[in-house]
Amino acid sequence: MDDKDFKQIDIDKNNIAKGDNLYTLYEDNHVKGFMDGNNVPFNVLSSIESYIITSKGVEIVVKAKSFINRHFWTHETMMNCLNEEEDSLIKYGFVKIDFFEDNIIKVRMNEGKVVNENIDLSNMPTQMLIGKADNSIIIETIEDDDCLLLKTNKVTIRIEKYPFLIKVYKPNGEIIFSEKGYETWISDSFRTSFAKKDNKSAIYETLTLDGGEKIYGLGERFDHIERTGKETDFWNKDAIGTTSKRTYINIPFYWSTKGYGLFLNNYGQIVWEIGTRDSGAITFGTDGDYMEYYIICDDSPVQILKKYAKLTGKAKMPPIWSFGLWMSRNSYMSWDVVDEVIADMDEKEIPFDVIHLDTAWFTDDWNCDLEFSKERFANPIEKISSLKEKGISISLWQYNFIPRKDNKNLKVAMENNYLAQGEDEKPYVYPEYVKGSWIDDAIIDFSNPQANKWYGDMIANLIKKGVGAIKTDFGEGIPTNAIYKNIDGKNFHNYYSLAYNHVIYNALQEVSKNTLVWARSGTAGSQRYPIHWGGDCQSNWAGLIGTMIGMLSVGLSGIIFFSHDIGGFIGRPTPELYIRWAQLGLFSSHSRCHGGGNTNSREPSSFGEQAAEVFKKYAILRYKLLPYIINQANKSVKESIPLARHLILEFPNDRNTFTIDDEYMFGSNLLIAPIVKPLNESKYRWVYLPECEAGWYDFHSNKEIKCGYSKVESIIDILPMYVKADAIIPYAKPRLRTFNKIGIIDKIYVYPKFNGLWQYNCDGSEIELEISEGKLINIKYNLDITPKVVFIK
């Protein structure tokens, strides 16, 4: 291939990031720039001119006042202020408010007197919003001189005419959602407004933020779970670590302890200011001249997540084998190395189910041509089949690029225009000033249906060879100035991850339902394609903490199944850190040992005898608990709540849980409190057991523990775990593989506060227990053996 095929495209030098310049090639964030800029025209919605009541809601034409956002000084202090233009022409905004369901409100707005529509996605493989509106809702309308009321049996929308404001109330009159009105000329918040300058446009919405109100969501956040007062970088990036504002998964959805959730159905650049510019305001802005968002009204965080899934899609249940342990590193270089790892794990009787082959299963490391190396990974069909007979599944790495070297797929992709292009209609080339790794990669255009079929067919062929999972690495570094088949680049950056994983996941599922993806990047709707993992975490204690925060944050954003690299990816953990990471990892929804480097092993035996023994202890425990884990995972899918979940989801009325980010529930009955500090820094950790009627028991000692805070000794082989006192926990016999089964249930632990009928139905195992005052009254089951019922005293 000639070098001229990849010549540099002309670059607009004004777009090159210099110093504090807000405009860069990939993140042209004029949405943020308008808020901080000088002499930027803003049109702020002010009063209703006219409206039409419809069967679903109301269409409103709103007058807008014209302002200029300018820099303003008081002595040495510079700030922005909105100065009203006295003699400006009358401007208008169009607002359409509909009931999507009786407690979900759809709001659309744009400048002008008629409604615009969202970007055309009809030729795209999928969309963030896939839910369908309920057309049978009964709406009561009340009109007077000051306001318009739209009521269902669940909520009331109050639309104030002057000044124009949207407010939402519960049936009891308690307000749960309100746009923020004009309070001061200082532009710390921007009300509901439109801005345009230099052929760029943006829309802003501003809501009230109450004192004590907590906000959760917005995706995989590694810095903080609760978002009030926290800056948010909302541009999918290769995060390189789990301790910064950068993240792989940005989800335009948050929810509030005030009783509502908000899904922003916009695909371009988004800015969030949640108590950051104004402590009493939530402002969000979007690129373009159209905004669409959905207000989900409910007191229960669980119900808000369930309704969000109704808008953006439900997760599917991954196969049981995927809940076993995954072994990996970057990379196992041959079948010989794979066999060594298998022998080592089996010799030490550490259970596992999956071997993942990372970037080196091709002829050349990283040269992703989707073909097994004939020398190092010979006879893949026979080898994969023989491993499957032993209960071992194979996972394969790939990414959304084609390297510009001797890759058989590159010529096909170029000849058929399957790649993102530059202005010269040749494969997009990263500009000279972009320095770093992988800048020579060509980008697969997943907006192109023909490209999707071509690439999907190649992935499906791997599944036909017996592969069980595909790692969909990367997906974040998508340039906005590239040319894509069916979408503008500025709307494709975060959204690309959804299209990418949709194509791969569907290719797998068409061959076998017993498959899954292992995805890194994501956005709204990504829960439809399980599972996701936390990317390239650094092997230190801060990386461990950030990983747990990311797991809980993304769970509060609608992602059900999530994993991370046990031991961290970047660097090498100490044995102590490896143990603590294993304890967290083996009680995440999915568990994988992985690290960067062909010889940077993550097998337990690599970290000494003690680490291997502790790892084995908790790996065996995980496999014993699979009847509980799989049953809880099924419930998570049904209820659209994460398997490893923040305490607030189980205990929304206990305010102490609102800001705890180092404990979580694993299913509805187990509380996990990982140790995240080395013993030479702390010999104890504080554990909070939420207030609940039943109370708690220590998982290891079976001693009753009071609700509230307690100081717990840090012991290297103990992961602090607690069980609800009214729980019933089924156990399976220990084994080295799942063979895609929950296992033979041989024990059932009954905790003292349970009373009544317990029914279990999972993976063909059916059990019914009748318990009264700590005694077994009756038992029914369809198992091959009689399970032993153990009463905890």
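Quick note: structure is the one above.
The model shown is predicted, which means the values in this text are computed figures rather than measured ones.

Chemist: What is the right way to look at the overall build of the chain in this model?
Modeler: For the chain, the count of helices and strands is 12 helices and 43 strands. For 793 residues, the compact-globule estimate of 2.2 N^0.38 gives 28 Å, and the C-alpha radius of gyration of the chain, at 27 Å, lies within 12% of that figure. The C-alpha extent of the chain, read off along each of the three principal axes, is 85 × 75 × 55 Å. Sorting the 793 residues of the chain into buried and exposed places 63% on the buried side. A separation of at least 24 residues holds for 69% of the contacts in the chain among residues at least 6 apart in sequence.

Chemist: Is there a simple way to think about the environment of W686 in this case?
Modeler: Of note, W686 is situated in strand β33 (residues 684–689). W686 sits in the exposed class, given a relative accessible area of 52%. Spatially, the C-alpha atoms of W686 and D278 are 33 Å apart, while their sequence positions differ by 408 residues.

Chemist: How do you make sense of the packing of helix α10 (residues 609–624) against helix α11 (residues 626–639) when you look at a structure like this?
Modeler: When two helices pack together, their arrangement is given by the angle between the helix axes and by the axis-to-axis distance. Interaxial distance between α10 and α11 falls to 5 Å at its minimum, and their mutual angle equals 60 degrees. As far as their axial angle goes, α11 and α10 are oblique. Every residue of α11 that contacts α10 at R622, Y623 and K624 is listed here: L626, P627 and I629. Grouping the amino acids of the contact of α10 with α11 by side-chain chemistry returns four nonpolar, no polar and two charged.

Chemist: Could you clarify how one ought to interpret the packing of aromatic side chains in this entry?
Modeler: In this description, a pair of aromatic rings is defined by centroid distance and the angle of the planes. Under the definition given, this model contains 51 aromatic pairs. Members of the aromatic cluster, connected to one another through ring pairs, are Y267, Y418, F446, W454, Y455, Y484, F492, Y495, Y496 and Y500. Here the basic side chain of R191 rests over the ring of F67, its NZ or CZ set 5.6 Å away from the ring centre. Against the face of F474 rests R520, its NZ or CZ located 4.4 Å from the ring centre.

Chemist: Teacher, can you tell me more about the pairing of strand β12 (residues 200–208) here?
Modeler: Looking along a regular strand, one sees the side chains alternate between the two faces of the sheet. Of all nine residues in β12, seven are buried, a share of seventy percent or more. Bridge count for strand β11 (residues 193–197) against β12 is five bridges, and the pairing is antiparallel. The residue of β12 that forms the bridge with K197 is K200. Hairpin connection of β11 to β12: two residues between the antiparallel strands, including D198 at a positive phi of 55 degrees. Relative to strand β17 (residues 281–287), β12 runs antiparallel, the two being bridged by seven bridges. Of the residues in β17, the one forming a bridge with E205 is F284.

Chemist: What am I meant to see in the pattern of salt bridges here?
Modeler: Pairing of side chains with opposite charge becomes possible as their charged atoms draw close. Applying the stated criterion across every chain, the model contains 40 salt bridges. A salt bridge links D36 to R277; the shortest N-O distance between them is 2.9 Å. With D36 in helix α1 (residues 30–36) and R277 in the loop between β16 (270–274) and β17, this residue pair connects regions lying 241 residues apart in the sequence. D233 serves as the salt-bridge partner of K237, at 2.7 Å between the closest nitrogen and oxygen. Its relative accessible area of 22% is what places K237 among the partly exposed residues.

Chemist: So what exactly am I meant to see when it comes to the nonpolar core here?
Modeler: Across soluble globular proteins, nonpolar side chains have a tendency to be buried as a group. Ranked by size, the top nonpolar core spans 180 residues in total, and within it I355, L357, W361, Y455, F587, F615 and Y664 carry the most contacts. With nine residues, the single largest contributor to this core is helix α7 (residues 496–511). Dropping the residues within four chain positions of it, L357 is found in contact with Y332, W335, V338, F372, F377, I394, S395, L396 and W397. By size, the runner-up hydrophobic cluster in this structure holds 43 residues, among which are I105, I157, F234 and I270.

Chemist: How should I be thinking about a negative patch on the surface in this particular structure?
Modeler: Taken together, the side chains of E143, D144, D145 and D146 make up a negatively charged region of the molecular surface. Within the secondary structure, D146 sits in the loop between β6 (140–143) and β7 (147–151).

Cut-offs used in this document
- Residues numbered from 1 in each chain as written.
- Predicted model: local features only at pLDDT ≥ 70, side-chain atom pairs only at ≥ 80, totals over all residues.
- Heavy atoms only, no water.
- Helix = DSSP H or I, 4+ residues; strand = E, 2+ residues; numbered from the N terminus.
- Rg over C-alpha atoms; globule rule 2.2 N^0.38 Å.
- Buried < 20%, exposed > 50% of the residue type's maximum accessible area, 1.4 Å probe, protein only.
- Contact = heavy atoms within 4.5 Å.
- Axes fitted to C-alpha atoms, helices over the stretch in contact; angles between N-to-C directions.
- Parallel < 35°, antiparallel > 145°, perpendicular 65-115°, else oblique.
- Nonpolar A, V, L, I, M, F, W, Y, C, P; charged D, E, K, R; others polar.
- Phe/Tyr/Trp six-rings, centres within 6.5 Å; stacked < 30°, edge-to-face > 60°.
- Lys NZ or Arg CZ within 6 Å of the ring centre and 35° of its normal.
- Pairing = 2+ DSSP bridges.
- Salt bridge = Lys/Arg side-chain N within 4 Å of Asp/Glu carboxyl O.
- Core = buried A, V, L, I, M, F, W, Y, C linked by side-chain atoms within 4.5 Å.
- Patch = residues over 30% accessible without salt bridge, like charges linked within 9 Å, V, L, I, M, F, W, Y side chains within 5 Å.
- Areas by Shrake-Rupley, 256 points an atom, 1.4 Å probe, with all protein chains shown as cover.
- Lys, Arg positive; Asp, Glu negative; His and termini not counted.
- Charge placed at Lys NZ, Arg CZ, Asp CG, Glu CD.

By themselves, these are just geometric observations and shouldn't be taken as functional.
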